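Coordinate analysis (summary)
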Amino acid sequence: MNRPMTWKTLVREVIDDLPHTFTLRDVEARRDYFAKHYPDNRFIEAKIRQSLQILRDQGFIAFLGSGRYERTGAVQPLFSPFFDASIAERYTSKARAAGITIETWAEHNLYCLSCSADELSRLPTNAIVADLECLACNSRYQVKAKNGRFGTALTGAAYEPLLQAVRAGTMPSYVLVEYDPRFNIVVFVEGVPGRYIDETRILSRKPLKPTARRAGWRGCTISLAGLQNVKVRIVEPAGRDRLTVREEWQRLG
Ligand SMILES: [Zn+2]
């Protein structure tokens with residue numbers, strides 16, 4: 001059994017074996033190699049194109065036009081705080097569109113916090129408690145996005161599955177993405193290890209009314225109160241807290 005690999009990794013492996021300049025056809029010619037990893041995938045060509053776009057956005061390759069590409073020799077993915085809101089234009093729900101946009105940004109820009117893997121793989125949308133997974137160490141991450149700043153409580157998904165995850169010790173780590181839609185930019189991103197989110201922090205909300213479409217469904221709130229010291233700042237492009245800056249300044253003597 002092959003180790004699971006993301007499409008991006010597979011495409012990158014293939015192009016690393018190709019000449020410095022190559023064509024889309026050169027990549028597509030390795031169909032059998034992709035089919036070995038994803039035998040059931042009926043969308044190999046689409047996946048190749050999508051992966052090439054991601055590799056371009058991350059600075060690994062450059063598009064030369066007319067289906068020709070060039071390897072840039074980059075080793076690390078380029079980080080971009082900008083997200084592409086156009087990918088979710090077809091969603092009428094603003095919250096849903098923002099979720100899709102930020103998940104895509106996260107998939108392109110986040111990396112595993114627990115090991116040296118530079119990419120995370122998106123889990124199927126029906127995965128109950130997590131969005132992204134590291135294929136190297138199996139760490140899982142749940143991305144939460146907010147237009148503006150987060151308070152100390154997050155809106156979680158279904159209550160019971162989350163409680164079960166806590167009890168089973170399989171809580172994903174949370175990645176909190178604060179964005180500004182005026183500029184399509186991610187402003188702050190913080191990571192909170194899942195092991196700090198215990199049962200007392202999962203607060204049930206009222207079950208939906210019998211008249212609701214999903215009658216009886218219970219959502220939850222996740223309290224992050226008091227966890228400031230166990231957060232790791234991943235993105236911090238904006239000005240930092242001035243008191244902290246002054247303290248650091250004072251310490252310079
Ligand atoms: Zn990892």
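Residues numbered from 1 in each chain as written. Predicted model: local features only at pLDDT ≥ 70, side-chain atom pairs only at ≥ 80, totals over all residues.

1. What to know about helix α1 (residues 7-16)
- For α1, the set of buried residues is W7, K8, V11, R12 and I15. Around the axis of α1, the buried residues are gathered within 130° of arc, so they sit on the same side.
- Packing partners of the buried residues in α1 comprise β1 (21-23), α2 (24-28), α4 (44-57), β2 (61-65) and β3 (68-71). (Buried ≥ 20, exposed ≤ 12 C-beta atoms within 10 Å, placed from the backbone. Helix = DSSP H or I, 4+ residues; strand = E, 2+ residues; numbered from the N terminus. Arc of directions from axis to C-beta. Contact = placed C-beta atoms within 7 Å.)

2. Overview of the sheet that holds β3
- Taken together, the 3 strands give an open sheet; going across it, the order is β1-β3-β2, and neighbouring strands pair in antiparallel fashion. Taken across any chain shown, the strands that pair with only one partner, and hence form the sheet edges, are β1 and β2. Across the sheet, the mean angle from the axis of one strand to that of its neighbour is 30°, orientation sign disregarded.
- Sheet analysis places β1 next to β3, joined by 3 bridges and oriented antiparallel. Paired with T21 across the bridge in β3 is E70.
- Set on the sheet, α4 makes contact with β2 and β3; between it and β2 the angle comes to about 115°. (Pairing = 2+ DSSP bridges. Axes fitted to C-alpha atoms, helices over the stretch in contact; angles between N-to-C directions.)

3. So, the domain arrangement of the protein
- Split into domains, the protein comes out as domain 1 (7-71) and domain 2 (85-246).
- When each unit is reduced to the centre of its C-alpha atoms, the spacing between domain 1 and domain 2 is 30 Å. (Domains from an automatic or database assignment.)

4. Examining helix α7 (residues 242-251)
- A small share of α7 lies buried, amounting to 0 of its 10 residues.
- Among the residues trailing α7, G253 stands out with phi positive, at a value near 85°.

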